[in-house]
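The lines below spell out each chain.
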Amino acid sequence: MELLEWTALELSAKIKTGEIKARDAVLAALERIEAGEGIYHCYITVDAEGALRRAEEVQRRMDGGELSGPLSGVPVAVKDNICTEGLLTTCASKMLGNFVPAYSAEAVRRLEEAGAVILGKTNMDEFAMGSTTETSAYGETRNPWDIGRVPGGSSGGSAAAVAAEECFLALGSDTGGSIRQPAAFCGVVGIKPTYGTVSRYGLVAYGSSLDQIGPIGRNVSDCAAMLEVITSYDKKDSTSINREDTDFTAALTDDVEGMRIGLPKDYMGDGLDREVREAVLEAANVLAGRGALVEEFDLGLAEYAIPAYYTIASAEASSNLERFDGVKYGYRAAEYEGLHSMYKRSRSEGFGPEVKRRIMLGSFVLSSGYYDAYYLKALKVKALIKKAFDEAFAKYDLILGPAAPTTAPVLGESLADPLQMYLGDIYTVSANLAGLPGISIPCGKNSEGLPIGLQMMGDCFQEKKMIRAAYAYEKARGTFGRPTLASGTDGAGRGVCAEGEGGKKSGKTI
Amino acid sequence: MENRINDEMIEHIGILAKLELSAKEREQAKEDMGKMLGYIDKMEELDTSGIEPLSHAFGIRNVFREDEEANGNMREDVLKNAPEEKDGMFLVPRTFEG
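Everything quoted here is computed from the prediction, not taken from an experiment.

The subject of this paragraph is the overall build of chain B. Looking only at helices and strands, chain B features 3 helices and 2 strands. Overall, chain B shows an N-to-C arrangement of helices and strands of α-α-α-β-β. Over its C-alpha trace chain B gives a radius of gyration of 23 Å, far above what one expects of a compact globule, namely 13 Å for 98 residues. Taken along its principal axes, the extent of the C-alpha atoms in chain B is 55 × 45 × 25 Å. In chain B, which comprises 98 residues, the proportion classed as buried is 30%. Counting only carbon and sulfur atoms, one obtains 47% of the accessible surface of chain B, whose full area is about 7,300 Å². Across chain B, 13 positive and 24 negative side-chain charges occur, with their mean positions spaced 2 Å apart.

Moving on to the overall build of chain A. Secondary structure assignment for chain A yields 15 helices and 12 strands. Structurally, chain A occupies a C-alpha span of about 65 × 65 × 45 Å along its principal axes. Looking at the 510 residues of chain A, the share that counts as buried comes to 66%. Restricting the contact set of chain A to residue pairs at least 6 apart, pairs at least 24 apart contribute 77%. Averaging the locations of the 54 positively and 69 negatively charged side chains of chain A gives two centres separated by 4 Å.

The interface is formed by 67 residues belonging to chain A together with 53 residues belonging to chain B. Glu 20 of chain B serves as the salt-bridge partner of Arg 345 of chain A, at 2.9 Å between the closest nitrogen and oxygen. Linking chain A with chain B are 16 residue pairs in polar contact (both at pLDDT 80 or more). Taken together, the elements giving at least two residues each to the side of chain A that touches chain B come down to α9 (302-320), α10 (338-350), α11 (353-365), α12 (372-395), α13 (418-423) and α14 (429-434) of chain A. In terms of residue count, the dominant contributor to the side of chain A that touches chain B is α12 of chain A (11 residues). Class assignment for the residues of the side of chain A that touches chain B results in 38 nonpolar, 14 polar and 15 charged.

Our focus in this paragraph is the side chain of Asn 81 of chain A. Looking at where Asn 81 of chain A falls in the secondary structure, it is placed in the loop between β2 (75-79) and α4 (106-113). In contact with Asn 81 of chain A, not counting residues within four places along its chain, are Thr 89, Cys 91, Met 124, Ala 128, Ser 173, Gly 202, Leu 203 and Val 204 of chain A.

All names here are of chain A. Of the consecutive residues Gly 153 and Ser 154, the connecting peptide bond is found in the cis state with omega at 10°. Summarising the element assignment, Ser 154 is placed in the loop between β3 (117-122) and α5 (156-163). Positive phi is not limited to glycine here, since Phe 127 has a value of about 50°. By secondary structure assignment, the location of Phe 127 is in the loop between β3 and α5. For Phe 127, a relative accessible area of 3% puts it in the buried group.

With that out of the way, let us pick up the packing of α4 of chain A against helix α7 (residues 220-230) of chain A. Residue and element names in this part refer to chain A. For the pair α4 and α7, the least separation of the axes is 8 Å and the interaxial angle reads 110°. Taken together, α4 and α7 sit at an angle that is classed as roughly perpendicular. Considering how the two elements wind past one another, α4 and α7 form a crossing that is right-handed. Judged by residue contacts, Ala 107, Arg 110 and Leu 111 of α4 engage Met 226, Val 229 and Ile 230 from α7. Residue composition of the contact of α4 with α7, grouped by class: 5 nonpolar, no polar and 1 charged.

Further remarks concern α9 of chain A. With 19 residues, α9 of chain A ought to run about 27 Å at 1.5 Å a step, and its terminal C-alpha atoms sit 27 Å apart, in line with that. Where burial is concerned, most of α9 of chain A is hidden: 17 out of the 19 residues are buried.

In the structure shown here, the tally under the stated rule is 42 salt bridges over all chains. Among the salt bridges present, the one from Arg 357 of chain A reaches Glu 354 of chain A, with a minimum N-O distance of 2.8 Å. Of this pair, Arg 357 of chain A and Glu 354 of chain A both sit in helix α11, separated by 3 residues, roughly a single helical turn. According to the relative accessible area criterion, Glu 354 of chain A is buried, its value standing at 4%. Glu 25 of chain B serves as the salt-bridge partner of Lys 356 of chain A, at 2.8 Å between the closest nitrogen and oxygen. Separated into two different chains, Lys 356 of chain A in helix α11 and Glu 25 of chain B in helix α2 (residues 23-40) make up a pair that spans both.

What follows concerns the pairing of β2 of chain A. A regular strand places its side chains so that they alternate between the two faces of the sheet. Residue and element names in this part refer to chain A. Where burial is concerned, most of β2 is hidden: 5 out of the 5 residues are buried. Residues Pro 75, Ala 77 and Lys 79 point to one face of β2 and Val 76 and Val 78 to the other, with burial holding for every one of them. In this structure, β2 lies alongside β3, joined through 5 bridges in parallel fashion. Bridging across to β3, Ala 77 finds its partner in Gly 120. Traced from β2 through α4 to β3, the parallel crossover comes out right-handed. Pairing of β2 with strand β4 (residues 169-174) involves 3 bridges; the strand directions are parallel. Note that in β4 the partner of Val 78 across the bridge is Leu 171.

On to the confidence of the model for chain A. In the predicted model, chain A carries a mean pLDDT of 95, and 95% of its residues have values of at least 70. Counted against residues more than four places away or in other chains, residues 491-510 of chain A, with its pLDDT under 50, gives 51 contacts.

Residue and element names in this part refer to chain A. As for its placement among the helices and strands, Leu 281 is situated in helix α8 (residues 274-289). On the basis of relative accessibility, which here comes to 32%, the residue Leu 281 falls in the partly exposed class. With 141 residues separating them along the chain, Leu 281 and Glu 140 place their C-alpha atoms 33 Å apart. Excluding its chain neighbours within four sequence positions, the residues that come into contact with Leu 281 are Leu 263 and Met 268.

Glancing now at the packing of aromatic side chains. All names here are of chain A. Evaluated as defined, the whole model comprises 16 aromatic pairs over all chains. Geometrically, the ring pair formed by Tyr 309 and Tyr 310 is edge-to-face, given 4.8 Å between the ring centres and 90° between the ring planes. Across the pair, Tyr 310 and Tyr 309 agree in class, each one buried. Lying across the ring of Tyr 329, Lys 328 places its NZ or CZ 5.6 Å from the centre.

Reading guide: rules and limits
Residues numbered from 1 in each chain as written. Chains lettered and ligands numbered in written order. Predicted model: local features only at pLDDT ≥ 70, side-chain atom pairs only at ≥ 80, totals over all residues. Heavy atoms only, no water. Helix = DSSP H or I, 4+ residues; strand = E, 2+ residues; numbered from the N terminus. Rg over C-alpha atoms; globule rule 2.2 N^0.38 Å. Buried < 20%, exposed > 50% of the residue type's maximum accessible area, 1.4 Å probe, protein only. Areas by Shrake-Rupley, 256 points an atom, 1.4 Å probe, with all protein chains shown as cover. Lys, Arg positive; Asp, Glu negative; His and termini not counted. Charge placed at Lys NZ, Arg CZ, Asp CG, Glu CD. Contact = heavy atoms within 4.5 Å. Salt bridge = Lys/Arg side-chain N within 4 Å of Asp/Glu carboxyl O. Polar contact = N/O pair within 3.5 Å; in protein donor to acceptor, adjacent residues only side chain to side chain. Nonpolar A, V, L, I, M, F, W, Y, C, P; charged D, E, K, R; others polar. Axes fitted to C-alpha atoms, helices over the stretch in contact; angles between N-to-C directions. Parallel < 35°, antiparallel > 145°, perpendicular 65-115°, else oblique. Left-handed = near helix turned anticlockwise from the far one by under 90°. Expected span 1.5 Å × (residues − 1). Pairing = 2+ DSSP bridges. Right-handed = clockwise from strand over helix to strand, strands pointing away. pLDDT = per-residue confidence, 0-100. Phe/Tyr/Trp six-rings, centres within 6.5 Å; stacked < 30°, edge-to-face > 60°. Lys NZ or Arg CZ within 6 Å of the ring centre and 35° of its normal.

Quick look at the structure:
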């Protein structure tokens, strides 16, 4: 299975030189999926037939010289809240158990244009609400480093699929850490771009002012290449930004000499696991050893980020998820009395507990009499947080810290206490509130062998600085290693997504 | 502050959220929301007087475009996802008697 250990860029280069065929890469990934999915359950839908057909087409275009980009022929996975034309897109919810989009998301369209081959759709927390991938209506995903643990979330399927070598690269989405935290837990790299960098067209909306699509991959170079491909100015997304200087792969240089890096004391104190703290400090030392100027500072307001985030995200979710009413698409209850009862029953039966919890909280904070005290207050706190970051970036090129306070929790431990689970997002939500880019990169393992994630945040539009530092760190760190992969089945027969699939054109579900 | 979420409030939220909750779900919702709001109340510690609420991180402005059809007629494709359809339209339960 040596082929599967190559990075996406190595793979594409080898297809270009004719060493292997695009079809071989897809076949190898499908074989790995076949072997691993009984245990890991990274995917909700695998489109074997479509991927093989597409690989042949890509090969022809590569042979003909039409396609030559760095992702040509690379098998990739797409999070199941990103629309793929003709391929089931469930958001890991019963609500969209039979939804087959009539169009592809802009990021997907750009990936396909660049010659990437979509293998399937990855598992996630329902509507991206959760930090463990356990709120999925289609069963949990297991962490390839320890199958008794969660992969993180909400892009847990994407991160686990990359770690389990069931794809070379994956798309995730990040509203409060949903790319960076699972990347940290699964020992892979994930980038959340500056808000407005990647079009949200075709991304099923959760918190529209916070959502961004981004790459998850084996290393910084693969992620930079994918980010470069999916970055675009798109008129179909009114928050899309026409950026310059988006050749992110040009920033893959091993040079942090003179770079000013701030380490917030607020991120290194109470609540941070000792081994995670040590690994992050060690990484800071590595960067300092390469010539970066690293110092501790007070960022401030860190403890207010979670309250502001959950107020804003839930408010936006309650509004965005109103569209699921059993009329135009998705689940409709079998029994109801009249239109209003149809809405209520369809929503009550179609949404899971975490989604309902956030819709209710959001409805409350937006309701008459509470709007000022909660929603408006949160927007003011957001303004203060943004100001704190502006001040920090006046002094520093980058902010360094942990991606999450702990390593991956044991399966089944997190959902019992939602508030406790929300607190795990403490280091990641601020980047979403302030619109900043963030990257998570593996920086060590704890005594149990579980990956630890280092987070770097840059100022708005400063992905290149972040990618440069991450690349330099990765070079200095050396090979991170791979989990020992299992195959077979756990015997639980999990992960069947059969809800109302009949007759629709969709992939094979496993 | 937790008693703010009483039965009456849950009823009201159920209407706003268009959710029908079982007795068990209502009790759970009361507890969960009470706890969460108790935590969110932390924001009150911050003095935000004179601070403008920030809805978009970069304060970008409205984006306008010409109202031109760009994606053609997708009626058939769109209706494929409808729970029920009739004569090229979404079918909903009867809303008026008469």
